[in-house]
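So the chains spell out like this:
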Number of protein chains: 4
Amino acid sequence: MSRNFLQEFLEAVAERGRGLIGLERPSSQERPADLLALSNALLTGRGEVSGVALAQQWLDAYAAADDEHRRRHLAALADGFGPDQSRLDAAIEAYLQDKSPRTMAELNAAAEPRRQELFRRLNRPAGGTAALVRLREDVLADLPGNAKLEALDADLAHLFSSWFNRGFLMLKRIDWTTPANILAKIIQYEAVHTIHSWEDLRSRLEPSDRRCFAFFHPQMADEPLVFVEVALTQDIPATIAPLLALERKPIRAEDATTAVFYSISNCQTGLRRVSFGNLLIKQVVEELRRDLPKLKTFVTLSPVPGFMGWLKRELAKKDAHIPGVADLSVLEGLFQPAEQGGTGPTEAVREAQLAAAAHYFLVAKTPSGAPIDPVARFHLGNGARLERINWRGDVSANGLRQAGGLMVNYLYDLDAIEANHEAFANQGVIAASPAVRKLLKTAETQPARRKPAVPALPPPARSADAAQRPRSTS
Amino acid sequence: MSRNFLQEFLEAVAERGRGLIGLERPSSQERPADLLALSNALLTGRGEVSGVALAQQWLDAYAAADDEHRRRHLAALADGFGPDQSRLDAAIEAYLQDKSPRTMAELNAAAEPRRQELFRRLNRPAGGTAALVRLREDVLADLPGNAKLEALDADLAHLFSSWFNRGFLMLKRIDWTTPANILAKIIQYEAVHTIHSWEDLRSRLEPSDRRCFAFFHPQMADEPLVFVEVALTQDIPATIAPLLALERKPIRAEDATTAVFYSISNCQTGLRRVSFGNLLIKQVVEELRRDLPKLKTFVTLSPVPGFMGWLKRELAKKDAHIPGVADLSVLEGLFQPAEQGGTGPTEAVREAQLAAAAHYFLVAKTPSGAPIDPVARFHLGNGARLERINWRGDVSANGLRQAGGLMVNYLYDLDAIEANHEAFANQGVIAASPAVRKLLKTAETQPARRKPAVPALPPPARSADAAQRPRSTS
Amino acid sequence: MSRNFLQEFLEAVAERGRGLIGLERPSSQERPADLLALSNALLTGRGEVSGVALAQQWLDAYAAADDEHRRRHLAALADGFGPDQSRLDAAIEAYLQDKSPRTMAELNAAAEPRRQELFRRLNRPAGGTAALVRLREDVLADLPGNAKLEALDADLAHLFSSWFNRGFLMLKRIDWTTPANILAKIIQYEAVHTIHSWEDLRSRLEPSDRRCFAFFHPQMADEPLVFVEVALTQDIPATIAPLLALERKPIRAEDATTAVFYSISNCQTGLRRVSFGNLLIKQVVEELRRDLPKLKTFVTLSPVPGFMGWLKRELAKKDAHIPGVADLSVLEGLFQPAEQGGTGPTEAVREAQLAAAAHYFLVAKTPSGAPIDPVARFHLGNGARLERINWRGDVSANGLRQAGGLMVNYLYDLDAIEANHEAFANQGVIAASPAVRKLLKTAETQPARRKPAVPALPPPARSADAAQRPRSTS
Amino acid sequence: MSRNFLQEFLEAVAERGRGLIGLERPSSQERPADLLALSNALLTGRGEVSGVALAQQWLDAYAAADDEHRRRHLAALADGFGPDQSRLDAAIEAYLQDKSPRTMAELNAAAEPRRQELFRRLNRPAGGTAALVRLREDVLADLPGNAKLEALDADLAHLFSSWFNRGFLMLKRIDWTTPANILAKIIQYEAVHTIHSWEDLRSRLEPSDRRCFAFFHPQMADEPLVFVEVALTQDIPATIAPLLALERKPIRAEDATTAVFYSISNCQTGLRRVSFGNLLIKQVVEELRRDLPKLKTFVTLSPVPGFMGWLKRELAKKDAHIPGVADLSVLEGLFQPAEQGGTGPTEAVREAQLAAAAHYFLVAKTPSGAPIDPVARFHLGNGARLERINWRGDVSANGLRQAGGLMVNYLYDLDAIEANHEAFANQGVIAASPAVRKLLKTAETQPARRKPAVPALPPPARSADAAQRPRSTS
């Protein structure tokens, strides 16, 4: 069956390829037309008969419009293409009189904003899907403080969750034989550990003990949606630098026992909240297990992007107290480099920082009761368990600034994933290894008081945003 | 860009192909599980974390179930997976108090039946889309007289219109190098002029003056959705037999001036009302024009499936009268073969039948005001015009029984399509050539009375159905 | 590396595909030109600079020529394009004076007929290879009794052995998703057990317990070179009919222990003596073992095409004697159907026929000392062993006529193949199972005399030819 | 037919790809075996039956051998695998007695060194072709002064000319969607204008007015054989720097009238004397004309690598005289930078240098009567004409050192190519534009004497080699 699929698709794709050349983009010279008129036309019968051409015109016009024009148009879409109100009101009345499947069905149909049908029709031309993803980027950029756009955004998110259904995604290995235009995008989209050059990229793709996988969608074949970088190792790594070193002696893939997910990056801002990372990790685990049956351990080496922000806020509190940290002032050195008088990496710092981290991961919560760290929320939500906290795992400037150098490993134990997920989702239970729990135990039983006061620090910019929508999640 | 797409896809598809072998069908041995329990599980958080595996289990169980079991399950889906009623009621109340975008958005979300999310999750495993299309076949089979299934059917149709959005379809040429499994399906699905053997098929695909195109969907790569057979000719043909003759001398494609669409077949019952034929014809016209710039005329040679049924009903009326047909009894011979005393193909029959046909196409209407012929509704709705009525165009047994041997040509004049469509959709204007109009003119000005009475005949079975959802539309 | 290869090739092939359309066949209208003049032009500098176009012209002209014209041209090639004689004579003289590597190299170069360079240049246009293979068909057809063509034929065979080097061949699985044009050729080329219809073909390709593989060459991508049909079973079959039955219950491939090669057909007459069958079997064995590790036994179910011819000749001898067959007259009934008074399949016939068969395979020899049966020579030469002789294994008309109903199994025991081959090639030792040997033992120890005399029968036509160049070898 | 080819190949390639993974490289751990014994085994019957495995072993052993071991082995191949001498002597005798086609054929067969069959068998495993190309690199490296290797080298060249027959090559466009591993090789193999970075590469591939094409062979799918870089322009460029500038404003491909071949690089040393460049240029011209019908002019912008070497030699001669250069001392400044007292780019230099260049191209000859410039020999041999000499066309360090800054344009006028080639090949006539001829005319009519003497300069290293086998030819 697989060969079948392959074969068949090839033809289709070849045909499609041809389609793109001469057929579907009749004239990109088109001057920006009246988008509103086009939108209305698309929703009439004319839209049905000449839909592809009209939709192409719409998309070309939108692409050619300037920011101001686009913004006005998005507002018009938000205002004017909601549900047909009289039909909706009638449907409500009918429903309230008789709550039958039929009235419910009509209510459902009537409540759908006309925008959704508009977007479905805009999706018809080749390139339509990608254009709508870019349109949503514009919506998201304008969204903060613009409640009117919320419904518009919800409509796009709703459609995207259908169109980018996991059944339509394709997992592809990215390696050194991948087309350069795709690789250039991998360099561009990498959000966790910057790729500094093509040689750096090559060192992450070509060696026998490196893997990279991405999800693609048939309608956006040149655009990775999310990708993960994997190192094959013989134990669980505690620090990132050796993994990224350009000069390494790779091991044979067959000799590896451990797959380390050390970077996961979402690529498309316009697909925010259409989550793929969870599925990607699971499918990559399956893929790796099949190819390399000796792999036993699937684990991340992840950043802790929220730690220093949280710590600042904690230290800024009056009567600041972190259980297990006897002397909070030890931690203050983390905020300034050693050469500027900050504490060096002493054993005291290690103990205090690990205790604080255990508290940060296992005890501290957002107002809504979730873990503070966005990466933790992602992996715990997937059913992973917090396996190890690595002191000075990332001593790059960024690693020190965000996490005081901390990195953590999340373990994907296939037998426990579902139970972990259930316990986390339903009761907020955080799966953690005994070693991590022990850090906490010690911590919780020791009195901890900060000695000197520290000035209140403002929370880091965008942290809330990062917490909800991490672009990178390893 | 096209090469790009090709290249990229190939990898994706190869990966996907591999995926199918070992990964995604964990155990087809699974005994039919409790579908209801699985449905509920899929809609919880567990569905999120183990969704693909659960969905696969669901689909396997459904496939393994017997008719009775399936029917019970469909009923349960229809009854139990509508909208969350308390959420819906609250949303209505909020909306009625404040008709804002936000309350509308919530109302829209609340009105969506839980089934839709269920189906989206069932669509995740490889093969999910095809399985749901087959599930809808079951729904449609049970639908007549079963109002409870209507909402269920509407939900599936709604999702399919997103998933089978034209942007996701791929046009593929079908020819003698197409894989045999696909060709076997072309033989099976042909609904207008039966394909009698592989040699018959070959004679429709391989000669230089024949073309065939189909739409495919990435998730159902082995299944054509709709296909059209085309003959390249030097004039507009009036009869079907020479086109289908096994022994023909083909012309060179470059010498053709006319493309004749002589058969269009929908393949997937489960995709009823998710219309592709319109799009197919237009894209094929584009494709042909690009490859063969000398083509000037795009025309069908189409059956008239409703004619004899209508004629029977007319003749059965008291005071039956068809303008332009002086002696209705001439037409009665059409209902019995010449050898059984029926009228032979005399000039009198020709005149009377053409006049009746002009009336049938241009004047007669269904109760809702549409043309009676389902094929006419399809092509006129696409913006084609009724170009010519061909007397004795199809004298096969089927052609005589359905249409008294009539065939017609619908002309796709690219410059007129949109205007034709508008006039038809908005004012019910039927585009017809002067020659066809003239048949009517003559008809309308002549008094016509049937001489002897004929017994009332029942309308043909399924005609209404065929009228709304023609499986074949050429 | 494999993905790499795939990816790369796709582009190449796409390009090539495009190349074929507009580029390389400048004008097929060309009137048949003077082939001799073209041949000479191709061998000059002009051939170097405009070689592809000239070669295309040559090939077009040859294809357009009638038989007489072709024959004259082949004769001219045979006569006039040998080595440059004065250069050759000089090279011989230099060599005879000083047998150094350098004079040998020059002698080698000088001895090469100019035809070879001509053919290499004719091979440049797309389609050149296939055209030359067809040209050799013409040569072979005229070869018998035409000594002048021998050198021409040898030149082609020499070039083909380079061009069709195993490194350039590609093994492809043939199944029900293979393009129909290829499958039509499988039907056409099947040489052992005729494929009677597309349904018959499907029954050999689609069931889970059937496989078919072919070798292809990049330059003749639409033309299988040789193919083998395989049945997956749970024991070694003795008769062909159940394997070919349209109504069978297939087993799961995973449950099979035995792969039965029941038909091998060479497809290209023009590639005679460029042997692929040996390589095909071995590569298919590897392929099957990798996909289905439970397969333990690789065996053929093969015809015995030379048996009845040999038997006729034996019986026609004066004092005919076959060790182990007491009464030769028992065997005479094999030559006429039971209904015409021939012997039915009695136990006496069975014993006599098996003894004769053992003698035929293990003792009887051609004048040059090889086994008489061409299929036996093929498989024994590959290192297989004669495993079992099946009485009445093929009671079709053809099976009875050629082999009196006998079929045999040759076993490919991977551990023994090389030793078997060596012993056969160097000492003429025939590998056979104890069971087969036992038939012989019994035979050899029994006196055997024919009772009545039979008239001398002529040897069957083409048997010598078949012996050397079996088109079918299973 | 092209789709057909595509489709078919895909399967083949997919199969082949799979083949590479598990099948054909049984154990790369193999310790270096006795190559001589393996060679002999390969040439026996055992080689026939287990050829692929044996050949793989041979290739693995050779790859694993150190330089000394390889060198000894190549010597053994050169010494011991020539023709079978007794067979050869007998064939000569038979031929001398009767010069018939049959004795010629036998002589031809007998004169073939056994090495050739050995290499054909080594070519059987996947990767064999590439391995033999690398082996020839070793031969070529040792060849100078090692006459024994000549015959070995000739055998490889002979086989390669069959295997790399133009019919087997595939033209592929190289662009920004090409796999990165191929692009890395383009960077590595570029021999004319060094590619300094991936951005530099991208600027040569991605803009709308840039093209790059390469030839590939099916058995070396990751290895370009030769490639050409093309700029699309609106006139014939005189200088290279603007073409290579990273910051350029590209024109639309459709607006270009001129295709400039500004770099051609051979990639495989092991394929020396198996010429592709000629074919590549012609096929690329066809490809470009088809895609961009407005292109009218096909021209190179080429280096003049032999100019300064020749000039040095001329100036070093006693009584040096270059017609048209009145004062040779003007030219001496070309050998030292202006800042070191060399002449700046004055009008006097311009005139003298152009006159000298005209003489260099049109009059000066190698001892064997060919033009001195290797690039000129290549393009003139292809039938191009010397169109223009560009003073200071390449003022890079390399351009000044090799050519005193000169570049030239060779024009490929499709109507004149064949005649140009004939005149050049047969009578040594050099096709040149009137403008170039005029430079000479002037030159030839003016007396030219060098004023001061210059010291004799040695000819530049490798120039003879470059003359015969230019790696880069634009």
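Computed from a predicted structure; not experimentally measured.

## Structural notes on the domain arrangement of chain A
Residues and elements named next belong to chain A.
Piece 1. One can read the domain layout of chain A as domain 1 (32-164), domain 2 (167-302) and domain 3 (307-336 + 345-442).
Piece 2. Summing both partners gives a buried area of about 1500 Å² for domain 2 against domain 3, and 63% of it is carried by carbon and sulfur.
Piece 3. Contact with domain 3 buries surface across domain 2, with Phe 298, Thr 300 and Ser 302 losing the most and accounting together for 30% of the total.
Piece 4. Where domain 2 packs against domain 3, one counts zero salt bridges.
Piece 5. Top element by residues in the side of domain 2 that touches domain 3 is helix H14 (residues 277-291). It accounts for six residues.
Piece 6. In terms of residue class, the side of domain 2 that touches domain 3 is built from 10 nonpolar, seven polar and two charged.

## Overview of the pairing of strand E4 (residues 258-266) of chain C
Piece 1. A large share of E4 of chain C lies buried, amounting to eight of its nine residues.
Piece 2. For the segment spanning E4 of chain C, helix H14 (residues 277-291) of chain C and strand E5 (residues 297-300) of chain C, crossover handedness is right-handed.

## What to know about the packing of helix H6 (residues 85-97) of chain B against helix H7 (residues 101-111) of chain B
Describing two packed helices takes the angle between their axes plus the distance from one axis to the other.
All names here are of chain B.
Piece 1. It is the contact of H6 with H7, at a shortest axis distance of 9 Å, that shows an interaxial angle of 160°. As judged from the angle between their axes, H6 and H7 are roughly antiparallel. You can see that H6 and H7 cross each other, and the crossing is left-handed. Residues Arg 87, Leu 88, Ala 91, Ile 92, Ala 94 and Tyr 95 of H6 lie in contact with H7, whose contacting residues are Thr 103, Met 104, Glu 106, Leu 107, Ala 109, Ala 110 and Ala 111.

## Details of unusual backbone geometry
Trans peptide bonds make up most of the peptide bonds, and negative phi angles are found at most residues other than glycine.
Piece 1. One non-glycine residue, Asp 319 of chain C, adopts positive backbone phi at about 55°.
Piece 2. Looking at the element boundaries, Asp 319 of chain C is found in the loop between helix H15 (307-316) and helix H16 (329-332).
Piece 3. Of note in this structure, Arg 392 of chain D is not a glycine but carries a positive phi near 55°.
Piece 4. Mapped onto the secondary structure, Arg 392 of chain D falls in the loop between strand E6 (385-390) and helix H19 (397-403).
Piece 5. Look at Arg 392 of chain D and you get partly exposed, because its relative accessible area is 33%.

## Notes on the UniProt feature "domain: Malonyl-CoA decarboxylase N-terminal" (unreviewed entry) in chain A
Piece 1. With numbering aligned to this structure, UniProt lists the feature "domain: Malonyl-CoA decarboxylase N-terminal" (unreviewed entry) at residues 81-164 of chain A.
Piece 2. Between the end C-alpha atoms of residues 81-164 of chain A the distance is 23 Å, and the span holds 76% helix and 0% strand.

## Notes on the packing of aromatic side chains
Piece 1. One pass over the full model with this rule turns up 44 aromatic pairs over all chains.
Piece 2. Here Trp 58 of chain A and Tyr 62 of chain A contribute two aromatic rings whose centre-to-centre distance is 5.7 Å and whose plane-to-plane angle is 15°, an arrangement assigned as stacked. Placement of both Trp 58 of chain A and Tyr 62 of chain A in helix H4 (residues 51-64) is noted, with a separation of four residues, approximately one turn of the helix.
Piece 3. On the basis of relative accessible area, Trp 58 of chain A is assigned to the buried category, the value being 0%.
Piece 4. For the pair Trp 198 of chain B and Trp 198 of chain C, a centre-to-centre distance of 4.2 Å together with 5° between the ring planes defines the contact as stacked. Separated into two different chains, Trp 198 of chain B in helix H12 (residues 198-205) and Trp 198 of chain C in helix H12 (residues 198-205) make up a pair that spans both.
Piece 5. Among the aromatic residues, ring-to-ring pairing joins Phe 160, Trp 163, Phe 164, Phe 168 and Phe 276 of chain A together with Phe 160, Trp 163, Phe 164, Phe 168 and Phe 276 of chain B into one connected group.
Piece 6. A cation sits over an aromatic face here: Lys 172 of chain B above Phe 216 of chain B, 3.7 Å from the ring centre.

Basis of the calculations
- Residues numbered from 1 in each chain as written.
- Chains lettered and ligands numbered in written order.
- Predicted model: local features only at pLDDT ≥ 70, side-chain atom pairs only at ≥ 80, totals over all residues.
- Heavy atoms only, no water.
- Domains from an automatic or database assignment.
- Buried area = accessible area lost by both parts, 1.4 Å probe.
- Salt bridge = Lys/Arg side-chain N within 4 Å of Asp/Glu carboxyl O.
- Helix = DSSP H or I, 4+ residues; strand = E, 2+ residues; numbered from the N terminus.
- Nonpolar A, V, L, I, M, F, W, Y, C, P; charged D, E, K, R; others polar.
- Buried < 20%, exposed > 50% of the residue type's maximum accessible area, 1.4 Å probe, protein only.
- Right-handed = clockwise from strand over helix to strand, strands pointing away.
- Axes fitted to C-alpha atoms, helices over the stretch in contact; angles between N-to-C directions.
- Parallel < 35°, antiparallel > 145°, perpendicular 65-115°, else oblique.
- Left-handed = near helix turned anticlockwise from the far one by under 90°.
- Contact = heavy atoms within 4.5 Å.
- UniProt positions renumbered as here; feature names shortened; annotations may be inferred.
- Phe/Tyr/Trp six-rings, centres within 6.5 Å; stacked < 30°, edge-to-face > 60°.
- Lys NZ or Arg CZ within 6 Å of the ring centre and 35° of its normal.

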